[in-house]
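# Secondary and tertiary structure notes
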Amino acid sequence: MSLTLQMDADGVNSLLRRAFPEGSDVLFPVVTTVEPGRVVVVRQYHPAMLRPGELVSGPTLMGLADTAAYALVLSHVGEQLMAVTSSLVMNFLRGAKPGDIHAEAQMLRLGRRNAVCDVRLWTESPERLAAQATVTYAIP
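Residues numbered from 1 in each chain as written. Predicted model: local features only at pLDDT ≥ 70, side-chain atom pairs only at ≥ 80, totals over all residues. Heavy atoms only, no water.

## Topic: the packing of aromatic side chains
Convention followed: Pairs were defined over the aromatic rings of Phe, Tyr and Trp, the Trp ring being its six-membered one, requiring ring centres within 6.5 Å. Orientation was assigned from the angle between planes: stacked under 30 degrees, edge-to-face over 60, tilted for the rest. The secondary structure listing takes helices from DSSP runs of H or I that are at least 4 residues long and strands from runs of E that are at least 2 residues long, numbered from the N terminus. Working definition: with a 1.4 Å probe on protein chains only, accessible area under 20% of the residue-type maximum means buried, over 50% means exposed, and in between means partly exposed.
Summed over the entire model, instances satisfying the criterion amount to 2 aromatic pairs. Ring centres of Phe20 and Tyr70 lie 6.4 Å apart, and the angle between their planes is 75 degrees; on these two criteria the pair is classed as edge-to-face. Of this pair, Phe20 sits in the loop between helix H1 (9-19) and strand S1 (30-35) while Tyr70 sits in helix H2 (residues 58-77), and the two are 50 residues apart along the sequence. Between Tyr70 and Tyr137 the ring centres are 5.4 Å apart and the planes differ by 20 degrees, which places this aromatic pair in the stacked class. Of the two residues, Tyr70 is situated in helix H2 and Tyr137 in strand S8 (residues 131-138); the sequence distance between them amounts to 67 residues. The same class applies to Tyr70 as to Tyr137, namely buried. Cluster of aromatic residues (ring-pair linked, three or more members): Phe20, Tyr70 and Tyr137.

## Observations regarding the pattern of salt bridges
Where we set the bar: Any Lys or Arg side-chain nitrogen found within 4 Å of a carboxyl oxygen on Asp or Glu counts as a salt bridge.
Scanning all chains against the criterion turns up 6 salt bridges. A salt bridge links Lys97 to Glu124; its shortest N-O distance comes to 3.9 Å. Taken together, the residues Lys97 in the loop between strand S5 (84-92) and strand S6 (101-110) and Glu124 in the loop between strand S7 (114-122) and S8 connect sequence positions 27 residues apart. Taking the relative accessible area as the measure of exposure, Glu124 reaches 35% and is therefore partly exposed. We note a salt bridge from Arg128 to Glu124, for which the minimum N-O separation is 3.4 Å. With a relative accessible area of 36%, Arg128 lands in the partly exposed category. Through salt bridges with shared partners, a single ionic network connects Glu35, Arg38 and Glu104.

## Looking at H2
How we decide: A helix is expected to reach a length of 1.5 Å times the quantity of its residues less one.
The terminal C-alpha atoms of H2 lie 29 Å apart, and with 20 residues this matches the ideal 28 Å at 1.5 Å per residue to within 8%. Gly78, located one to two residues past H2, shows a positive phi value of around 85 degrees.

Below is the structure:
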């Protein structure tokens, strides 16, 4: 699958900040890497992410998985802000210890009407995944 980028990391970050101006700079994820078929997103650690048991909460991980997939789609289709999540399947693999959350999203399929992404999340290291998600976006 040959993929062409429409935006770099700075472009995606700028677009997300314009689209979601109410997002807190402290809690808003940052796209650190954009390559054909791949993005890496990092969300800075904050104690509000934790659930009882001192682990990162499921909703926090799911939100970052969705954001990483959205960033991946936007980086390839351009400023299509009305691209929407049509499916998100999350697999929790182990408790995510407190720390910055990293998400790597890879494009599995990019068509005219939808995009399917694989997203892997971790706090400790990419060899110790906390979760994996398959996210599908509908493209207008």
